[in-house]
Amino acid sequence: MPQESSQPWIGYHYDCSETRLLLLADQLPALPTILVKKVLADFENADDFMKKLSQGLAGEKEPAKERLHHVWHRVAFTYYVGETKSDFCSNILNKLRPRRIIVIRKTLWSKMPKPADVYMTDDVQGYLFDEDRSVAVCLAHPYPGWDRLADTIYFALGGELPRNGRCPVGGE
């Protein structure tokens, strides 16, 4: 039975983002929305995986609460447990329409549907959207390491989330 990614985290400003970054992870013990809300409410006591993911997004080891809200509200986050390419496209790609996807952990990368529509390298591949033939580029990331994740996110976004830690006026 295909996975339903019915409860992804979708930041308030995800649709406004030019890059539309999707973070794709192995399934964790709670829904993505619950995990993100917990890390936003209490970073220090959050799940270790979510702390590292938040540090990578923020580009800081000890991100301020405002910075966490800023970065999390510009991305989407969901799980992937292995589906056919058709299910992946209908359940994740066509619902969230990301332009960049970071697949966290090489073991998860090995479960991604094959063949990808666009092969670039062993760690960078892409899937085409049917309606406009644009490409969602997927990057493999060998978790852990917040600093390397920060570099991967920065590269994927082309600098869209500033690394200097400053949050623009208006916060989220």
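Residues numbered from 1 in each chain as written. Predicted model: local features only at pLDDT ≥ 70, side-chain atom pairs only at ≥ 80, totals over all residues. Heavy atoms only, no water.

**Student:** How should helix α6 (residues 146–157) be read in this particular structure?
**Tutor:** Owing to its 3.6 residues per turn, the α-helix aligns residues three or four sequence positions apart on the same side. The end-to-end C-alpha distance of α6 is 16 Å, a good match for the 16 Å that 12 residues give at a rise of 1.5 Å each. When we look at burial in α6, the residues that qualify are Trp 146, Leu 149, Ala 150, Thr 152, Ile 153, Ala 156 and Leu 157. Around the axis of α6, the buried residues are gathered within 165° of arc, so they sit on the same side. Those residues of α6 hidden inside the fold are in contact with β2 (21–25), α2 (48–58), β4 (100–104) and β7 (135–141). At the exit of α6 stands Gly 158, carrying a positive phi of roughly 60°. (Helix = DSSP H or I, 4+ residues; strand = E, 2+ residues; numbered from the N terminus. Expected span 1.5 Å × (residues − 1). Buried < 20%, exposed > 50% of the residue type's maximum accessible area, 1.4 Å probe, protein only. Arc of directions from axis to C-beta. Contact = heavy atoms within 4.5 Å.)

**Student:** What's the story with the packing of α2 against α6 in this structure? I'm lost.
**Tutor:** For any two helices packed against each other, the geometry is given by the interaxial angle and the distance between the axes. Where α2 contacts α6, the two axes come as close as 7 Å, and the packing angle between them is 45°. The pairing of α2 with α6 is recorded here as oblique in orientation. In this structure, the crossing between α2 and α6 has a hand that is right-handed. Contacts between α2 and α6 involve Lys 52, Leu 53, Gln 55, Gly 56 and Leu 57 from the former and Trp 146, Leu 149, Ala 150 and Ile 153 from the latter. Per-class residue counts for the contact of α2 with α6 are six nonpolar, two polar and one charged. (Axes fitted to C-alpha atoms, helices over the stretch in contact; angles between N-to-C directions. Parallel < 35°, antiparallel > 145°, perpendicular 65-115°, else oblique. Left-handed = near helix turned anticlockwise from the far one by under 90°. Nonpolar A, V, L, I, M, F, W, Y, C, P; charged D, E, K, R; others polar.)

**Student:** Please explain the nonpolar core as it appears in this structure.
**Tutor:** One broad rule of soluble globular proteins: the nonpolar side chains tend to lie buried together. Counting 32 residues, the largest nonpolar core has Leu 23, Phe 49, Met 50, Leu 53, Trp 72, Phe 77 and Ile 102 as its most contacted members. Looking at this core, the elements with two or more residues in it are β2, α1 (32–41), α2, α3 (65–72), β3 (75–79), β4, β7 and α6. Counting residues per element, this core draws most heavily on α2, at five residues. With residues up to four places along the chain from it excluded, the contact list for Leu 23 reads Leu 53, Leu 57, Trp 72, Val 75, Ala 76, Phe 77, Thr 78, Ile 102 and Ile 104. Grouped together as the second largest cluster of nonpolar side chains are 21 residues, Phe 88, Ile 92, Phe 129 and Ala 136 included. (Core = buried A, V, L, I, M, F, W, Y, C linked by side-chain atoms within 4.5 Å.)

**Student:** Please explain the pairing of strand β6 (residues 124–128) as it appears in this structure.
**Tutor:** When you tally the buried positions in β6, you get five out of five residues, the bulk of the element. Neither face of β6 is open: one carries Val 124, Gly 126 and Leu 128, the other Gln 125 and Tyr 127, and all of them are buried. Sheet topology note: the strand β5 (residues 118–121)/β6 ladder contains three bridges and is antiparallel. Within β6, the position partnered with Val 118 by the bridge is Gly 126. A loop of two residues connects β5 with β6, the two strands running antiparallel in sequence. Two strands pair when backbone bridges link them, and β6 and β7 are joined in this way by five bridges, in the antiparallel orientation. Each bridged residue has a counterpart across the sheet, and for Leu 128 the counterpart in β7 is Val 135. What sits between the antiparallel neighbours β6 and β7 is a turn of six residues, in which Arg 133 has the positive phi angle 60°. (Pairing = 2+ DSSP bridges.)

**Student:** Before we go on, may I ask you to explain the sheet that holds strand β1 (residues 9–10) in this structure?
**Tutor:** Two strands in a sheet stick together by hydrogen bonds in their backbones, pointing the same way (parallel) or opposite ways (antiparallel). Strand order across the open sheet formed by seven strands is β1-β3-β2-β4-β7-β6-β5, with mixed pairing between neighbours. Across the chains shown, the open sheet's two edge strands, defined by having one partner strand only, are β1 and β5. Direction of pairing for β4 relative to β7: parallel, over a ladder of five bridges. Bridged to Ile 102 within β7 is Leu 139.

**Student:** I keep staring at the pairing of β4 and nothing clicks. Help me out?
**Tutor:** Each regular strand shows side chains that alternate between the opposite faces of the sheet. Judged by how many residues are buried, β4 sits mostly within the fold: four of five residues are covered. With four bridges connecting them, β2 and β4 associate as parallel partners. Looking across to β4, one finds that Leu 23 is bridged to Ile 102.

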